[in-house]
Amino acid sequence: MALPLFLPCAAGVEPLLADEVTRILPGRTVHVGRGGVGVDGDPADVMALNLESRLAQRVLAEVASGPYFHEDDIYALARSVDWTQWITPQHTLRVDTTAHRSPLRSLNFVALRVKDAVCDVLRDATGERPSVDTRHPDLPLSLHLGETHASVYVDTSGEALFKRGWREDKGEAPLKETLAAAMLAAAGWQGTPEAGGALHDPCCGSGTIAIEAAQIACGVAPGLKRRFAFERLLPFADPDSRAQWQRLKSYAQSRIHASAVPIFASDVSFRMVDFARRNAQRAGVEHAIQFNGGDALERPAPQLPEDLAGTLMVNPPYGERIDVSGKAARPSMQERPDDNRAAPDDFFPRLSAHWKRAYTQHPAGWTAWVLSPDMKLPSAMRLKESRRVPMWNGPIECRLFRFELVAGSARAQ
């Protein structure tokens, strides 16, 4: 069964995701689009992408696509799929809908029409209809409506891929693992002495950046500790597919190794450091991270070998956060998304002053990467950025700024 696959991602991450998909599926033609990348694949590719992708939000398999004018066209589109190849009447389903400039008035009604089409196909073939499960469906479907064109996808991931299977302790709105991975990918940090060197997150919150970095450095596949929707679907249920899935997981397990570089994480909140340490333990990388309490404005730079460079990767306090509903909210003071703590107005000038004192003396040098929605952050920090990478943190448009902190550098003066 060959299907067009679409892997959505955060805006700005598409080129990085295309490179990642090319590494996972060598030799395939990857198409970069708005909001994600496409590639043709088979069930084995679906398994590999879910297991190995750090940057994709989901792995969607397109099963129907075509023009539409009203709800009946959507029903006919979904009705054209042989759903008996995907589920039995004993399975459950759910339909989620997204739209961009669609003329249809009710997305809920359109989702209901897709559900009816699936059930009608099963009823005609077997005499029975599957039921709906809005929380944990066996067959999660995604309907996307453009202005004149609709696509129906099977969501082979189920829960979003940023849910790596290890997080329990968290702040109010933690940085998503996929965004942390995108920050590291944009920086070219690969967990080796040659590609990024040591890593330090001095505002670690619940530990997302450090844990993602440690899994990269230790070769831990991001999906190794979770389950996926495809595991309950018929194209993946035959003995050959199950054996292939076990081989993929066994190979991923065999690749795990010790980190070749040190990774450091610290936070002014000892409560968050404790959360981060427990998260790292569940992620299987506690041994690869050195956790410390301490204020980012005062804590000394980690001691490194003279020939090992270092990377600071920071998601610092800033003035917008994502509330429980997923919308951006602006509090009265600056606060960090990981734990909702306020930061003083002079935080960034003091942080850069501390970096100039503590991080510019190391012979191999430090490079700082800072994620912020403030386009004037370099001016506030009195540092000259060498790169700025567009990146979205949920609904918040940000930039990932790069600052060189090398002794004698004009940028650190």
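Note that the structure is a prediction, hence the values are computed from the model and not measured.

Turning our attention to the overall build of the chain. Summing up its helical and strand segments, the chain has ten helices and 19 strands in all. Its C-alpha atoms give the chain a radius of gyration of 23 Å, within 12% of the compact-globule value 22 Å for 413 residues. Seen along its three principal axes, the alpha-carbon backbone of the chain occupies a region of about 75 × 45 × 40 Å. Across the 413 residues that make up the chain, the buried fraction comes to 55%.

Let us now look at the sheet that holds strand 12 (residues 310-314). Ordered in space as 11-10-9-12-17-19-18, the seven strands form an open sheet in which the pairing is mixed. Bordering the open sheet on either side are strand 11 (289-293) and strand 18 (387-393), each of which pairs with just one other strand. Mean inter-strand twist for the sheet, computed between neighbouring axes without regard to direction, equals 20 degrees. Pairing of strand 10 (residues 263-267) with strand 11 involves five bridges; the strand directions are parallel. Residue Phe-264 lies in a different strand from strand 11, and its bridge partner there is Gln-290.

Attention now goes to empty space enclosed by the protein. Per the counting criterion, the structure on display carries two cavities of 30 Å³ or more. Of the pockets and cavities examined, the largest cavity occupies roughly 40 Å³. Classifying every residue of the lining of the largest cavity by side-chain character gives seven nonpolar, one polar and one charged.

All right, on to the confidence of the model for the chain then. For the chain, mean pLDDT is 91; residues scoring 70 or higher make up 90% of the total. The low-confidence segment residues 320-342 (pLDDT under 50) makes 76 contacts with residues lying over four places distant or belonging to another chain. Overall, residues 408-413 carries pLDDT values under 50, and its contacts beyond four positions in sequence, including any with other chains, amount to 14 contacts.

Evaluated as defined, the whole model comprises 20 salt bridges. Residue Arg-58 is joined to Asp-155 by a salt bridge in which the shortest nitrogen-to-oxygen separation is 2.7 Å. Of the two residues, Arg-58 is situated in the loop between helix 2 (43-52) and strand 4 (60-67) and Asp-155 in strand 8 (residues 149-155); the sequence distance between them amounts to 97 residues. By relative accessible area, Asp-155 is classed as buried at 5%. A salt bridge links Asp-120 to Arg-123; the nearest nitrogen and oxygen atoms lie 3.5 Å apart. With Asp-120 and Arg-123 both in helix 4 (residues 107-126) and three residues apart, this pair spans about one turn of that helix. For Asp-120, a relative accessible area of 10% translates into the label buried. Classification of Arg-123 as partly exposed rests on a relative accessible area of 39%. Salt bridges sharing common partners tie together Arg-79, Asp-120, Arg-123, Asp-124 and Arg-129.

So, how was this worked out
- Going along each chain's sequence as written, the residues are numbered from 1 onward.
- Whole-chain, interface and lining totals are the exception, using all residues; otherwise, since this is a predicted model, local features are given only for residues with pLDDT of at least 70 and side-chain atom pairs are given and counted only at 80 or more.
- Side-chain metrics in this entry use all non-hydrogen atoms of the structure; hydrogen atoms and water are not considered.
- Strands here mean DSSP runs of E at least two residues long; helices mean DSSP runs of H or I at least four residues long; both are numbered from the N terminus.
- Atoms counted for the radius of gyration: C-alpha only. Globule rule: 2.2 Å times residue count to the power 0.38.
- We call a residue buried when its accessible area falls under 20% of the maximum for its residue type, exposed when it is over 50%, and partly exposed in between, using a 1.4 Å probe and counting protein chains only.
- Whether two strands pair comes down to DSSP finding at least two bridges between them.
- Fitted lines through C-alpha atoms serve as axes, helices being fitted only where they are in contact, and the angles separating the N-to-C directions of these axes extend from 0 to 180 degrees.
- Only protein atoms enter the 1 Å grid, on which a cavity is a set of points fitting a 1.4 Å probe that cannot get out and a pocket is an open set with protein on both sides within 12 Å along at least 5 of 7 lines, lining residues being those with an atom within 4 Å of a point.
- Grid points are joined across faces, edges and corners, and a volume is the space filled by probe spheres set on the points.
- Think of it as three bins: nonpolar holds Ala, Val, Leu, Ile, Met, Phe, Trp, Tyr, Cys and Pro, charged holds Asp, Glu, Lys and Arg, and polar takes everything else, Gly as well.
- The predictor attaches a confidence to each residue, and that confidence, scored 0 to 100, is pLDDT.
- Contact definition: two residues touch when any of their heavy atoms are within 4.5 Å.
- Any Lys or Arg side-chain nitrogen found within 4 Å of a carboxyl oxygen on Asp or Glu counts as a salt bridge.

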